[in-house]
Amino acid sequence: MQRTLVKTAHDATGPMDAIFLQGWVRTRRDAKAFSFVELNDGSSLKGLQIVVDASLADYPQVARAHTGASVEVHGQLVESKGSGQKWEVVATQFKVVGEADGTYPLQKKGHTLEFLREIAHLRPRSNLFGAVFRVRSRLAYAVHQFFQERGFHYVHAPIITASDAEGAGEMFRVSTLDPKSPPLTPEGAVDYAEDFFARPTFLTVSGQLEAEIFACALSNVYTFGPTFRAENSNTSRHAAEFWMIEPEVAFCDLNGDMDLAEEFVKHLIRDVKTHCAADLEFFGKFVDKELLARLDFVLEKPFVRCSYTEAVEILNASGRQWEHPVQWGDNLQAEHERYLTEEHFKCPVTVYNYPRAIKAFYMRVNAPDAQGRETVAAMDLLVPGIGEIIGGSQREERLDVLRESMARHGLEEKPYWWYLDLRRYGTVPHAGFGLGFERMLMFATGVANIRDVIPFARTPGTAEF
RNA sequence: UGCCCGGUAGCUCAGUGGCAGAGCAGGUGACUGUUAAUCACUUGGUCGCUGGUUCGAUCCCAGCCCGGGCAGCCA
């Protein structure tokens, strides 16, 4: 007989004479003449109540059905006599597939997130993590949907790369050389010409440069894949392995880029609100009481756009004592970004046109302002509670300006020959951005730590599972 | 990497320079269309590790290990 998922059973429009369910026991409540078993199979937050009468031949099985055990149930789907659920299943057969004894770590009581991280192989069976990973799955689908509906093509950027996307972060080396006795050059350095790819190679820190290649051919593209940063970051919003979405659009300037970013974020939130309503309600109740109001607010209001120069003026006019005082030319610190999005504007804010000196070489140089200060067409989208969720820019499409910027950054042209070729042959204004998928998920769910929105987090010193 | 906080039962925590505690989970029994059910009884400990101070250290001190928060790096 075909299995019915718990979610499908909940959505039933009428009773069913025969139903077959498989899943895991969340909790059991015994009476003298019968037991209630709450069954969950991950298809929905809410479990299904199974009523097992003591007169049933299989009833002895129920005593073995502790929290965590896997079970199979045949029965009838009927309207519940109790309050709290519409449907329940009266069992006709009840079988324990795999027992879980008293050492099963997931109890009915609440657990701390720190403890659940240590049992990452079991935490998806909890309410919170079940909800997080259902939303994660839906959000990934919504990413593709957004771009596919708008004529964007999905590009698989390489995971192993020889380029370092300049300044994006420390990289993990990919090598098959024997670390105990690597081949050496006459000068005594490790000879990577002997390595697998005959050159030094690394895990990608960004697919942007490759996405630019494809944007300059297919016009509208996006990448969506894993990204690696070997930074020794120990914060709630950094991971060594995370997923990033990087759209790249030909014939597009910074304004178009900011429009796309805003539309994208709104689409993702709208989609999750529509398709993960029960899970979001759970987050609103147990994780972040203001979540639902904030998500609505984000959908309704246009995001504020504020130039870097204006931002510095706002910060200096705030009357705040900053731990890091700001003047034009400085990087904005986390405290500044938080103030702008959480206190001054109280909504998502796109800060654009940053000083040239503090940004990457590939960003397009703007005309100097009245005071002769140079900026680049870069933008960061800041959201309350998380800070930077998107970083992007219009790319420098003018060959001479790009070469000058590379020289300023002390970059050799040779390894970037193909990147420069894009400006030699049919160059076009183009722009793009990177959205941290996990950060978006944090924003959508209210979950405060990036380690809790990725199945198996990789952070410094941790790669269990 | 820097600064700060923590580590006591399976989990969440209390506690004391002199016999190691509670709630939940597990076990036994009772009871009830129950909803993190309830009630009674009950099993369960290298008090993170190493060293020091002390008659005596889970408690005080030092070092180390592990976890977390914040900052930097960024998405």
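Residues numbered from 1 in each chain as written. Chains lettered and ligands numbered in written order. Predicted model: local features only at pLDDT ≥ 70, side-chain atom pairs only at ≥ 80, totals over all residues. Heavy atoms only, no water.

1. Considering the overall build of chain A
For chain A, the helix and strand inventory stands at 13 helices and 16 strands. In terms of overall dimensions, chain A has a C-alpha envelope of 85 × 60 × 45 Å along the principal axes. Residues counted as buried form 48% of the 465 residues belonging to chain A. Partitioning the contacts of chain A with sequence separation of at least 6, the portion at a separation of at least 24 is 67%. Accessible area of chain A: about 22500 Å², with a carbon and sulfur share of 52%. (Helix = DSSP H or I, 4+ residues; strand = E, 2+ residues; numbered from the N terminus. Buried < 20%, exposed > 50% of the residue type's maximum accessible area, 1.4 Å probe, protein only. Contact = heavy atoms within 4.5 Å. Areas by Shrake-Rupley, 256 points an atom, 1.4 Å probe, with all protein chains shown as cover.)

2. Quick look at the sheet that holds strand β8 (residues 173-174)
Spatial ordering of the open sheet is given by β7-β9-β8, a layout of three strands whose pairing is antiparallel. The two strands at the open ends of the sheet, each matched to only one other strand, are β7 (160-161) and β8. Bridging between β8 and strand β9 (residues 201-203) involves two bridges; their strand directions are antiparallel. Opposite valine 174, over in β9, you have threonine 201 as the bridge partner. (Pairing = 2+ DSSP bridges.)

3. Comments concerning the confidence of the model for chain A
Confidence in the prediction of chain A, expressed as mean pLDDT, is 93, and 99% of residues score 70 or more. The least confident element of chain A, judged by mean pLDDT, is helix α2 (residues 59-62) at 88; the most confident is strand β6 (residues 153-154) at 98. With pTM at 0.94, the complex prediction returns an ipTM value of 0.88. (pLDDT = per-residue confidence, 0-100.)

4. Description of the protein's contact with RNA strand B
The full set close to RNA strand B counts 49 residues, and Ala31, Ser83, Glu88, Asn232 and His238 are the nearest of them. Of all atoms in RNA strand B that approach within 4 Å of the protein, 47% are sugar or phosphate atoms. Contact between RNA strand B and serine 233: a base oxygen at 2.5 Å from a side-chain N or O atom of the residue. A distance of 2.8 Å separates a base oxygen of RNA strand B from a polar side-chain atom of asparagine 234. Of all the secondary-structure elements, those providing two or more residues to the surface near RNA strand B are β1 (16-30), α3 (113-118), β11 (241-250), β15 (387-395) and β16 (430-436). In terms of residue class, the surface near RNA strand B is built from 10 nonpolar, 24 polar and 15 charged. (Near = heavy atom within 4 Å. Polar contact = N/O pair within 3.5 Å; in protein donor to acceptor, adjacent residues only side chain to side chain. Nonpolar A, V, L, I, M, F, W, Y, C, P; charged D, E, K, R; others polar.)

5. Focus on the pairing of strand β2 (residues 34-40)
Inspection of the sheet shows β1 paired to β2 by six bridges, in the antiparallel sense. By the bridge assignment for β2, arginine 29 is matched with phenylalanine 36. Between β1 and β2, which pair antiparallel and follow one another directly, the connecting turn spans three residues.

6. Some points on the domain arrangement of chain A
Domain parsing of chain A yields domain 1 (6-98) and domain 2 (125-170 + 205-452). Taken over C-alpha atoms, the centre of domain 1 sits 46 Å from the centre of domain 2. At the junction of the two partners, domain 1 supplies seven residues and domain 2 supplies eight residues. Both sides together, the interface formed by domain 1 and domain 2 hides about 550 Å², and carbon and sulfur atoms give 44% of it. Three residues stand out in domain 1 for area buried against domain 2, namely Trp24, Arg26 and Leu45, and they jointly supply 79% of the buried area on that side. Where domain 1 touches domain 2, the interface holds zero salt bridges. Counting the contacts that link domain 1 with domain 2 gives three residue pairs in polar contact (both at pLDDT 80 or more). (Domains from an automatic or database assignment. Buried area = accessible area lost by both parts, 1.4 Å probe. Salt bridge = Lys/Arg side-chain N within 4 Å of Asp/Glu carboxyl O.)

7. Quick look at a nonpolar patch on the surface
Residues Ile159, Ile160, Phe196 and Phe197 make up a contiguous nonpolar surface patch of roughly 360 Å² in combined accessible area. Considering the arrangement of structural elements, one finds isoleucine 160 in strand β7. When its relative accessible area of 37% is taken as the criterion, isoleucine 160 is described as partly exposed. (Patch = residues over 30% accessible without salt bridge, like charges linked within 9 Å, V, L, I, M, F, W, Y side chains within 5 Å.)

8. Brief notes about the pattern of salt bridges
Using the criterion set out here, one finds 29 salt bridges in the structure. The partner of aspartate 452 in a salt bridge is arginine 123, with the nearest N and O atoms 3.3 Å apart. Of this pair, aspartate 452 sits in the segment after α13 (437-445) while arginine 123 is found in the loop between α3 and α4 (127-149), placing the two residues 329 residues apart along the sequence. For aspartate 452, a relative accessible area of 0% puts it in the buried group. Residue arginine 123 is classed as buried on the basis of its relative accessible area of 2%. Residues joined by salt bridges that share partners form a network here, namely Asp259, Glu262, Lys266 and Arg305.

9. Details of helix α6 (residues 254-275)
If you check α6, its first and last C-alpha atoms are 32 Å apart, about what 22 residues at 1.5 Å a residue would give, namely 32 Å. Here α6 starts with a cap whose side-chain oxygen sits 3.1 Å from the backbone nitrogen of asparagine 255, and that cap is aspartate 253. (Expected span 1.5 Å × (residues − 1).)

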